[in-house]
Structure formats: C-alpha cells, structure tokens
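# Survey of secondary and tertiary structure
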Amino acid sequence: MPFAFTRMNKIIGILTGDGDCPGINAVIRAVVRKSIVYGNTVIGFRKSWKGILEKDIYPLDMNAVSDLMAKGGTILGSSRTNPFKYEEGPETILKHLRELNVEALVAVGSLDTLMVAEKLFERGCPVVGIPKTIDNDLPLTDRTFGFDTAISTVTEVIDRVHSTAESHDRVIIIEVMGRYTGWIATYAGIAGGADCILIPEKPFSIDDVCKLIRRRHQRGKDFSIIVAAEGARPKEHNRFIVKTDRVDEFGHKQLGGIGNFIAQEIERLTGFETRVTILGPMQRGGAPTAFDRVLATRFGVKAADMAERGAYGKMVSLQGNDIIEVKLSDLIDKVKPVDSALYEIAEVFFG
Ligand code: F6P
C-alpha cells in the first residue's frame with residue numbers, strides 16, 4: 001500500500017464586525033457547513049478584531065450553527081475595534097492567527113472591517129471579506145444582506161404610522177439609519193409611499209419641504225409622512241446632527257436628531273402638528289427575510305470556497321445574480337451613494 005498523504009485540514013477563523021444585522025448568523029452557518037465539506041475546521045472570534053487580539057475563541061461545529069437561520073444579530077458578537085488604534089495591534093493579529101494555526105480568516109463586516117482586512121492582507125494576513133450592512137452602501141457589490149430586512153421593517157413602520165397621521169392630520173417624520181447614504185430611506189420611502197424622502201446625498205431646504213406639505217393640504221391631504229436618513233442635513237447648515245461628540249475607533253460620531261429638527265422647523269413655519277419616530281436599533285434587529293437568508297448563505301459558501309482555494313485579499317460580491325469575488329484593494333474607502341435615477345423616481349411621488 002503506497003504511502004498515502006492525508007490532506008491536513010485547514011483551520012478557518014471567522015469574525016463579525018461593525019453594526020450587526022439580520023443574516024450574519026446565516027453567513028456563519030454557511031461558512032461552517034461548507035468548510036466541513038472540505039474537511040476544514042472553523043473557529044469564531046468574539047467581538048470582531050478584539051477576539052483575535054485577546055484570543056477570545058468561539059468553537060464552531062455543526063451543532064453550534066444549527067437553528068440559526070431565523071436568528072438576528074451575530075452569535076459571535078461584534079464591536080467597532082480597530083486594531084490599527086492599538087500599539088502592535090496588526091502585529092498581534094498576525095501573531096495570534098499563526099499561534100492558533102489559523103490558515104484563513106473570514107471577515108464579515110462593513111467598510112471599516114473590510115478596510116482593516118485589506119490593510120492586514122497587505123501585511124500577509126490570509127483574509128477573505130464578506131460585505132455586510134443594513135445601509136447597502138458598500139461599493140463593488142450590488143447588495144449587502146441585512147438591507148432587505150431593514151427596508152421591510154421600515155416599510156412596515158411607515159404603513160403603521162400612516163393611519164395615525166391621517167386620523168390626526170399630522171406630519172410624521174420617521175428617522176432611519178444611514179450615516180452617509182440614504183438607501184434605507186429611499187427604498188423604504190418608495191415602498192411605504194412617503195410624501196418626502198430626505199437623504200445625506202441631497203442636502204434639503206426646509207422651505208421646500210414645507211411647500212410640499214402645503215401642496216398636499218391644498219388638495220385635501222392634511223397629513224404627510226416624511227422619511228429622513230439620520231445623515232440628512234439642511235442646506236442652510238450643511239453638517240450632521242449628532243447625539244454626542246464622542247467618536248468610535250473609526251472616527252464615527254453617533255448621529256441622531258434630524259427628525260426632531262425637521263419637526264420643529266415644520267411646526268414653526270407651517271403651524272402643522274408634527275410627531276417623530278426614531279427607529280434606531282430596531283432596523284438592525286429581527287429575523288432576516290428570505291432574500292437576506294439566501295444571499296447570506298451564498299456569500300458564506302463562496303467565502304468558504306475561497307478560503308479553501310487560498311483566494312485571499314478578496315471579498316465576495318453580488319453582481320446581478322452572480323456571486324463573484326473582487327479585490328479588497330479595489331474597495332476605495334468611500335461609500336456607494338444612492339443612485340440618482342432611483343431618487344428621481346422617488347421624487348415623482350413627493351407632495
Ligand atoms: O451599520 C451601519 C449603521 O447601522 C449606520 O446606519 C448607523 O449610523 C450605525 O450603524 C449605528 O452604529 P452603532 O450601532 O454603533 O451606533
């Protein structure tokens with residue numbers, strides 16, 4: 001019997017970073033299940049890059065990932081840890097991965113996590129990226145999982161507030177997430193039949209908003225629904241409205257308050273009664289939609305294939321209906337703005 005080489009199976013690491021969203025657990029499940037098909041072992045790192053810095057491991061086998069499809073959030077936990085803010089942070093990441101014999105790392109995250117992955121790849125980290133964000137603002141992929149669930153949640157809220165706005169002749173402002181882009185506001189606003197949609201890409205004039213509302217009143221519609229992304233801002237003072245000046249390790253401030261600003265200005269300028277709903281974390285919770293579950297599963301399986309092949313320094317991506325791989329280095333550190341043609345379609349229905 002000739003000497004047979006048994007292939008040493010790989011140890012694959014996985015982490016989930018930045019904001020959580022529905023579908024991450026479906027990704028983890030898919031990475032684990034496909035890796036097991038290859039005979040590979042998967043270990044999770046808790047709280048994103050922090051888990052590698054601290055060797056905080058979460059064992060992932062078939063049982064650990066069963067019954068996860070409908071579970072929002074991430075069983076690994078997340079954080080906005082930036083290894084480049086820590087002395088010897090990148091070196092420690094590489095050292096701990098070597099000590100744990102991790103041959104490939106899957107990093108699930110938004111632009112911050114993926115840019116860290118790219119910089120670590122340049123230093124020799126065997127990493128594969130999976131794009132994730134409810135904001136859908138990542139370049140190089142047509143869609144990120146989490147977005148479909150978020151817009152379904154917001155659309156349901158718009159439908160619900162419609163009745164109370166109509167019953168009380170009120171203007172209701174719904175503030176949604178979207179720091180630098182208004183994908184959630186635009187999609188959910190169109191789906192919910194909003195009368196005005198305000199997004200970061202288009203600084204607005206409060207006078208124009210009031211004109212829209214008055215035009216509705218002139219045709220007997222004494223109520224209006226406005227959807228505003230948290231990063232939307234008035235032309236008059238083109239700056240974010242923030243909750244605190246504290247920043248996270250990637251320099252982001254916590255936004256919030258544009259809804260109240262718009263409501264106060266509308267009441268001051270028109271006398272119409274207003275109310276504000278700030279959806280906040282609700283948009284990131286709950287069970288993923290079927291679309292997000294399938295996209296997350298496809299991303300996870302593809303990433304496991306790439307880890308097996310050693311296709312590092314790349315990210316999985318949805319292009320049309322195909323799952324392809326793109327270079328992390330092509331991910332310029334900029335978000336993908338709302339398509340202006342889509343926003344023009346939304347504007348047809350304003351007022
Ligand atoms: O992940 C993107 C996002 O949901 C943004 O839309 C939002 O501004 C931010 O995360 C909120 O982050 P955190 O939950 O850390 O406050």
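From a predicted model like this one, the values you see are computed outputs, not experimental measurements. Position numbers for residues start from 1 in each chain and track the written sequence from start to end. Selection of residues for local features in this predicted model requires a pLDDT of at least 70, selection of side-chain atom pairs for listing and counting requires 80 or more, and totals for whole chains, interfaces and linings are taken over all residues. Calculation of side-chain values draws on the structure's entire complement of heavy atoms; hydrogens and water are dropped beforehand.

## Comments concerning the sheet that holds strand β1 (residues 11-16)
At least two bridges found by DSSP between two strands is the condition for calling them paired. In this description a helix means any DSSP run of H or I spanning at least four residues, a strand means any run of E spanning at least two, and both kinds are numbered starting from the N terminus. Within the open sheet, the seven strands sit side by side as β3-β2-β1-β4-β5-β12-β13. Their pairing is mixed. Sheet topology places β3 (57-60) and β13 (322-327) at the edges, where each strand pairs with a single neighbour. Between one strand axis and the next, the sheet turns through 30° on average, direction left out of account. Bridging between strand β5 (residues 127-131) and strand β12 (residues 314-319) involves two bridges; their strand directions are parallel. Bridging from a neighbouring strand, valine 128 pairs with lysine 314 of β12. Note on definitions: angles span 0 to 180 degrees between N-to-C directions of axes, and those axes are lines fitted to C-alpha atoms, for helices only across the stretch in contact.

## As for the packing of aromatic side chains
Side-chain rings of Phe, Tyr and Trp, where Trp is taken by its six-membered ring, are said to pair if the distance between their centres is within 6.5 Å; with planes under 30 degrees apart they count as stacked, over 60 as edge-to-face, and otherwise as tilted. Within the structure shown, the criterion is met by five aromatic pairs. Consider the rings of phenylalanine 147 and tyrosine 187, whose centres lie 5.0 Å apart with planes at 80°: the pair is edge-to-face. Taken together, the positions of phenylalanine 147 in helix α5 (residues 147-168) and tyrosine 187 in helix α6 (residues 183-192) put the pair 40 residues apart, joining distant regions of the chain. Assessed through its relative accessible area of 30%, tyrosine 187 is described here as partly exposed. Taken together, the ring pairs in this structure connect Phe147, Trp183 and Tyr187 into an aromatic cluster. Definition used: whenever NZ (Lys) or CZ (Arg) falls within 6 Å of the ring centre and also within 35 degrees of the ring normal, the charge is taken to sit over that ring. Across from the ring centre of phenylalanine 223, 5.1 Å away, lies the NZ or CZ of arginine 216, which sits over that ring. Relative accessibility decides the category of a residue: with a 1.4 Å probe and only protein chains considered, values under 20% of the type maximum give buried, values over 50% give exposed, and everything between is partly exposed.

## Focus on the domain arrangement of the protein
Note that the domain bounds reflect an automated or database-derived domain assignment. According to the domain assignment, the protein contains domain 1 (11-145 + 288-331) and domain 2 (151-285). Computed from C-alpha coordinates alone, the two centres of domain 1 and domain 2 are separated by 33 Å. Note on contacts: a residue pair is in contact if any heavy atoms of the two residues lie within 4.5 Å. Opposite the 18 residues of domain 1 that make contact, domain 2 presents 15 residues. What makes a salt bridge here is a side-chain nitrogen of Lys or Arg within 4 Å of a carboxyl oxygen of Asp or Glu, nothing more. Along the contact surface separating domain 1 from domain 2 lie one salt bridge. For the salt bridge of aspartate 20 with arginine 284, the shortest nitrogen-to-oxygen distance reads 2.9 Å. In the analysis that follows, any N or O atom pair within 3.5 Å is treated as a polar contact, provided that within protein one partner can donate a hydrogen and the other can accept it, and provided that, for residues neighboring in sequence, both atoms belong to side chains. Taken together, domain 1 and domain 2 are joined by four residue pairs in polar contact (both at pLDDT 80 or more). Taken together, the residues that form the side of domain 1 that touches domain 2 break down as five nonpolar, five polar and eight charged. Classification convention: Asp, Glu, Lys, Arg as charged; Ala, Val, Leu, Ile, Met, Phe, Trp, Tyr, Cys, Pro as nonpolar; all other residues, Gly among them, as polar.

## Examining the UniProt feature "domain: Phosphofructokinase" (unreviewed entry) in the protein
In the numbering adopted here, UniProt assigns the feature "domain: Phosphofructokinase" (unreviewed entry) to residues 12-306. The span residues 12-306 is 40% helical and 19% strand by assignment, and the distance between its end C-alpha atoms comes to 11 Å. UniProt positions are given in the numbering used here, feature names are shortened, and annotations may be inferred rather than shown by experiment.

## Concerning the pairing of strand β2 (residues 41-45)
Counted residue by residue, β2 has four buried out of five residues, so it is predominantly covered. Where β1 meets β2, four bridges bridge the pair, whose relative direction is parallel. Each residue of the ladder has a partner; that of glycine 13, found in β2, is isoleucine 43. Handedness of a crossover: with both strands directed away from the viewer, a clockwise path from the first strand across the helix to the second marks it as right-handed. The parallel pair β1 and β2 is bridged by helix α1 (residues 24-37), and the resulting crossover is right-handed.

## Looking at the pattern of salt bridges
The final tally for this structure, using the stated rule, is 17 salt bridges. Salt-bridge contacts for arginine 216 lead to aspartate 195; the nearest nitrogen and oxygen are separated by 3.0 Å. One end of the pair, arginine 216, is in helix α7 (residues 206-218); the other, aspartate 195, is in the loop between α6 and β7 (196-198), with 21 residues separating them in the sequence. Both residues of the pair, arginine 216 and aspartate 195, count as buried. Across the salt bridge formed by arginine 309 and glutamate 325, the nearest N and O atoms sit 2.7 Å from each other. Within this pair, whereas arginine 309 is found in helix α9 (residues 290-309), its partner glutamate 325 is found in strand β13, the two being separated by 16 residues in sequence. In this structure arginine 309 comes out as exposed when scored by relative accessible area, which is 51%. Among the charged side chains, a salt-bridge network with shared partners connects Lys302, Arg309, Lys314 and Glu325.

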